[in-house]
Amino acid sequence: MSNDQRRWFAGVDWASEKHDIVVTDSDGKTLGRTKVEHSGEGLARMADWLVATTGGSPEQIHVGIEVPHGPVVDTLLERGFVVHSINPKQVDRFRDRFTVAGAKDDSRDCDVIASSLRTDMHCFREVSARDPTTIQLREWSRMAEEHGRDLRRYVSRLREQLQRYFPAFLQIGADLDTDWMLELIELVPTPQAAASMSTTKVVRVLKRNRVRTRDAADVLAALRRPAIVTSAGTTEAAAAHVAALLPSIRLAKHLSKEAQAKIDQITNQLIATGSDETDTEPGQSMGQRDATILLSFPGIGRTILATLLAEAPDGVRTRDYYALRCQAGIAPVTKQSGKSRYVQQRYACNNRLSNAMHHWARVAIQHDPASRAKYDALRGRGKSWGRALRGVADRLLFVVCAMLKHGTPYNPEIDHAKPA
């Protein structure tokens with residue numbers, strides 16, 4: 001075999017402090033193994049060691065790793081190595097080749113990954129360098145989700161405390177995280193404070209926050225309903241807990257708005273650039289051209305667009321319908337053995353992408369006749385609400401890939417055939 005045809009296979013067992021690495025030749029013979037610390041110097045030494053040990057160029061060295069992102073992957077890609085990622089569950093199955101007793105250690109995992117990459121490369125997914133815009137979009141969309149989750153958690157705790165000693169406050173009927181409700185709870189922290197509160201102060205709160213759907217007299221009437229009986233000290237303790245929650249709610253709300261504004265800014269740039277693009281190199285800024293097409297679909301807003309582009313960039317870039325439906329948890333899982341056969345929902349998926357597809361389908365059936373017809377047909381066959389929405393999402397993904405391939409926006413007049 002000539003030198004330009006030769007290939008080497010390396011396995012990296014990723015860890016937080018140190019990484020174990022082994023490299024083999026095309027016949028499976030171990031050429032060397034080493035450990036490097038998780039630092040800039042250590043990762044640079046890893047790349048140099050791979051080249052020195054094999055005597056080949058980075059393009060001839062295939063590296064397998066379980067984590068498809070992070071400094072290790074970035075370093076290898078920047079140096080020109082061919083990086084492949086694999087699901088940890090698959091590595092666990094490949095490990096049975098080496099031991100039936102279930103033994104596991106870092107050096108053994110390196111051998112498992114390198115050997116599997118050499119013999120079963122089709123089970124791995126080649127990792128490519130991410131577009132900087134996609135990286136930013138992914139980070140901000142995840143931050144927006146985290147801040148939104150924090151906000152909901154803090155608001156739930158606030159509601160729980162008010163139920164303990166001041167349920168009349170909840171009778172106002174407005175969302176607890178609105179600015180005027182947060183200001184009002186500071187002004188009226190207890191039932192006793194509500195009894196002595198003047199209408200003028202409530203009017204000022206409503207006016208300052210431009211609330212026109214509430215009347216100050218009605219708000220005060222709700223707050224002055226008969227208070228519940230609590231044990232001594234409960235009201236004071238719960239009110240202190242409420243006061244401590246308010247800064248956290250305001251901070252989470254501010255951070256959530258900031259993240260959403262950043263998502264809007266990035267998507268606006270994508271749309272503006274995509275509308276001007278006529279010819280884009282594959283893998284470079286294709287997401288910019290795709291954004292306009294994706295937004296033409298009913299049910300897709302900025303949040304779902306950001307999730308699609310950030311969580312499934314490879315599937316969108318390659319227009320891989322089958323990969324996208326698996327990543328989103330839409331493709332069902334069939335289990336068959338002998339006479340037994342059953343189909344179940346796929347749970348091994350990207351939860352963020354799955355959640356985005358759920359809401360996309362939920363909104364699409366309200367605005368798109370074709371999606372509604374698909375939903376009604378599935379419900380008519382006795383399918384559950386969730387199963388029907390997954391069916392709608394499955395159709396939408398198929399249509400998305402077709403439209404992206406042709407570079408045309410969604411047209412509800414076209415009758416798209418159902419995928420086989």
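Residues numbered from 1 in each chain as written. Predicted model: local features only at pLDDT ≥ 70, side-chain atom pairs only at ≥ 80, totals over all residues. Heavy atoms only, no water.

Asker: I would appreciate a short explanation of the confidence of the model for the chain in the present structure.
Answerer: Detailed reading of predicted coordinates is not advised where the pLDDT is low. Of the residues in the chain, 93% have a pLDDT of 70 or more, and the chain-wide mean is 88. Counting interchain partners and residues more than four positions distant, the pLDDT-below-50 stretch residues 277–285 has 10 contacts. (pLDDT = per-residue confidence, 0-100. Contact = heavy atoms within 4.5 Å.)

Asker: I keep staring at unusual backbone geometry and nothing clicks. Help me out?
Answerer: Leaving glycine out, the prevailing phi sign among residues is negative, and the prevailing peptide bond configuration is trans. Of note, the phi angle at arginine 210 is positive, near 55°, even though the residue is not glycine. Looking at the element boundaries, arginine 210 is found in the loop between helix H8 (199–208) and helix H9 (216–223). The backbone phi angle of arginine 319 is positive, close to 55°, even though this residue is not glycine. One can find arginine 319 in the loop between helix H13 (313–318) and helix H14 (321–327). Look at arginine 319 and you get buried, because its relative accessible area is 11%. (Helix = DSSP H or I, 4+ residues; strand = E, 2+ residues; numbered from the N terminus. Buried < 20%, exposed > 50% of the residue type's maximum accessible area, 1.4 Å probe, protein only.)

Asker: Can you help me understand the packing of helix H15 (residues 351–367) against helix H16 (residues 369–380) in this one?
Answerer: A packed helix pair is summarised by two numbers, namely the angle formed by the two axes and the spacing between the axes. Closest axis-to-axis distance for the H15/H16 pair is 6 Å, and the angle between their directions is 110°. Relative to H16, the element H15 lies roughly perpendicular. Counting all contacts with H15, which are made through Ala364, Ile365 and His367, the residues of H16 involved are Pro369, Ser371, Arg372 and Tyr375. Its residues assigned to classes, the contact of H15 with H16 comprises four nonpolar, two polar and one charged. (Axes fitted to C-alpha atoms, helices over the stretch in contact; angles between N-to-C directions. Parallel < 35°, antiparallel > 145°, perpendicular 65-115°, else oblique. Nonpolar A, V, L, I, M, F, W, Y, C, P; charged D, E, K, R; others polar.)

Asker: Just checking my understanding: could you explain the sheet that holds strand E1 (residues 8–13) for this structure?
Answerer: Strand-to-strand pairing in sheets goes through backbone hydrogen bonds, with the strands running parallel or antiparallel. Read from one edge of the open sheet, six strands run E3-E2-E1-E4-E5-E6, paired in mixed fashion. Every other strand in the sheet has two partners, leaving strand E3 (30–37) and strand E6 (125–126) as the edge strands with one partner each. As paired strands, E1 and strand E2 (residues 18–24) are joined by five bridges and run antiparallel to one another. If you follow aspartate 13 over to E2, its bridge partner there is aspartate 20. (Pairing = 2+ DSSP bridges.)

Asker: Any chance you could explain the pairing of strand E4 (residues 61–65) here in plain terms?
Answerer: Sheet faces and side chains relate simply in a regular strand, where the side chains alternate between the two faces. Taking burial as the measure, the five residues of E4 include five buried ones, the bulk of the element. Here E4 shows two buried faces, one formed by Ile61, Val63 and Ile65 and the other by His62 and Gly64. With five bridges joining them, E1 and E4 adopt parallel strand pairing. Considered in E4, the bridge of valine 12 is made with isoleucine 65.

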